[in-house]
Amino acid sequence: MTKPVTRRALLVGAAAGAVGLIGVDALRGKLSERVLSASQSLTIRTQRILLRRRPLVREFSPADISVVFPTNGTTRPVGDDYGRLAAGGFSDWVLRIDGLVATPLALSLAQLRRLEARTQITMHNCDEGWNAVAQWKGVPLGHLLKLAAPTMRANYVVFHCMDKREDGQHYYESIDLFDAFHPQTILAYEMNGRSLPVAYGAPLRLRVETQIGYKNAKYIGRIELVDQLDRFGKGRGGWWEDADGAVWYAGQ
Ligand SMILES: Nc1nc2c(c(=O)[nH]1)N[C@H]1C(S)=C(S)[C@@H](COP(=O)(O)O)O[C@H]1N2
Ligand SMILES: [Mo]
């Protein structure tokens, strides 16, 4: 069940996120059972993540931003649905976050823009032999996941994209919760200070700076928390992984 996010849901979700960091006892009794148990599972995960936290990847200065940033893969999803969304400035687009979460979310672009944001200038490395630097602004994925409160069974985050590739399959990608909660893993809606252009994945794309090019899913429509990856595509965790044997963990 997906419901539109309300201010209350955001507050409860934010509280659940805070509980994960400060300990469940402080808020016992103030939150429903459902949120509390979800937050306990989040506590375990958050602590595991904090203990294992790696350093940030290099960030660049505005002078380093590439004049030409190549595109790769889809540069405009085919089909009326995407065309209609784009023509309306993506005001009818909704990001759904569901699967193994206590609080499924449905967020408009305007709602995403009102949430906590991070801006970073990073280098994108495509394994086809090019790299480029750009500034990205978006919502930390970890922040959204705290609002959705993954259940104990959630292991992976799957990004379902709106574009189909040449084999007729929708592009998709997945990462584990460790990379999902990395502070530089963001869902970007701006590139170089402008709304994310269609060629670069409008209205929302993943920037997972700890991994290379193809993990950075463009045209995201839905994010699903799952325990296993085998029911998607050929079961290798991503379109490139399925189509070309690319490695699932593309850490750099
Ligand atoms: N939805 C979707 N995401 C995608 C792709 C794609 O074809 N479709 N291509 C991937 C590859 S291989 C790379 S290198 C980057 C390219 O991003 P860019 O076009 O913004 O440079 O997006 C990745 N994400
Ligand atoms: Mo790529």
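This section reports on the structure supplied with the text. (Residues numbered from 1 in each chain as written. Chains lettered and ligands numbered in written order. Predicted model: local features only at pLDDT ≥ 70, side-chain atom pairs only at ≥ 80, totals over all residues. Heavy atoms only, no water.)

## As for the overall build of the protein
Across its full length, the protein carries seven helices and 10 strands. Among the 252 residues that make up the protein, the fraction classed as buried is 53%. A fraction of 69% describes how many contacts in the protein between residues 6 or more apart in sequence connect residues 24 or more apart. (Helix = DSSP H or I, 4+ residues; strand = E, 2+ residues; numbered from the N terminus. Buried < 20%, exposed > 50% of the residue type's maximum accessible area, 1.4 Å probe, protein only. Contact = heavy atoms within 4.5 Å.)

## Considerations on the pairing of strand β4 (residues 130-140)
Among the 11 residues in β4, eight count as buried, and that is most of the element. Bridge count between strand β3 (residues 118-126) and β4: nine bridges; the pairing is antiparallel. Residue Arg 118 lies in a different strand from β4, and its bridge partner there is Gly 138. In the sheet, β4 pairs with strand β7 (residues 186-191) via five bridges, with the strands oriented antiparallel. From the neighbouring strand, Val 139 faces β7, where its bridge partner is Leu 187. (Pairing = 2+ DSSP bridges.)

## With respect to the site of ligand 1
Contacts to ligand 1 come from 23 residues, most closely from Pro 70, Asp 163, Arg 165, Arg 205 and Lys 218. At 2.7 Å, a side-chain N or O of Asp 163 approaches a nitrogen atom of ligand 1. Lys 218 places a polar side-chain atom, nitrogen or oxygen, 2.5 Å from an oxygen atom of ligand 1. Notes on ligand 1: free accessible area 530 Å², of which the protein chains cover 100%. Where the shell around ligand 1 is concerned, the elements lending two or more residues are β3 and β5 (156-164). Looking at the shell around ligand 1, its residues break down into 12 nonpolar, seven polar and four charged. (Near = heavy atom within 4 Å. Polar contact = N/O pair within 3.5 Å; in protein donor to acceptor, adjacent residues only side chain to side chain. Areas by Shrake-Rupley, 256 points an atom, 1.4 Å probe, with all protein chains shown as cover. Nonpolar A, V, L, I, M, F, W, Y, C, P; charged D, E, K, R; others polar.)

## Overview of the environment of Gly 238
Here Gly 238 shows up in the loop between β10 (220-226) and α7 (239-244). By relative accessible area, Gly 238 is classed as buried at 0%. Linking Gly 238 and Tyr 214, residues 24 residues apart in sequence, is a C-alpha distance of 8.8 Å. Setting aside anything within four residues of it in sequence, one finds Gly 238 in contact with Tyr 172 and Glu 173.

## Points about the sheet that holds strand β2 (residues 105-108)
Across the sheet, five strands lie side by side as β2-β1-β10-β5-β6; this open sheet has mixed pairing. Only two strands of the sheet have a single partner each, and these edge strands are β2 and β6 (170-176). Ignoring strand direction, the axes of neighbouring strands in this sheet form an average angle of 20°. As paired elements, strand β1 (residues 94-99) and β10 share four bridges and run parallel to each other. Bridge pairing in β10 links Asp 98 to Glu 224. (Axes fitted to C-alpha atoms, helices over the stretch in contact; angles between N-to-C directions.)

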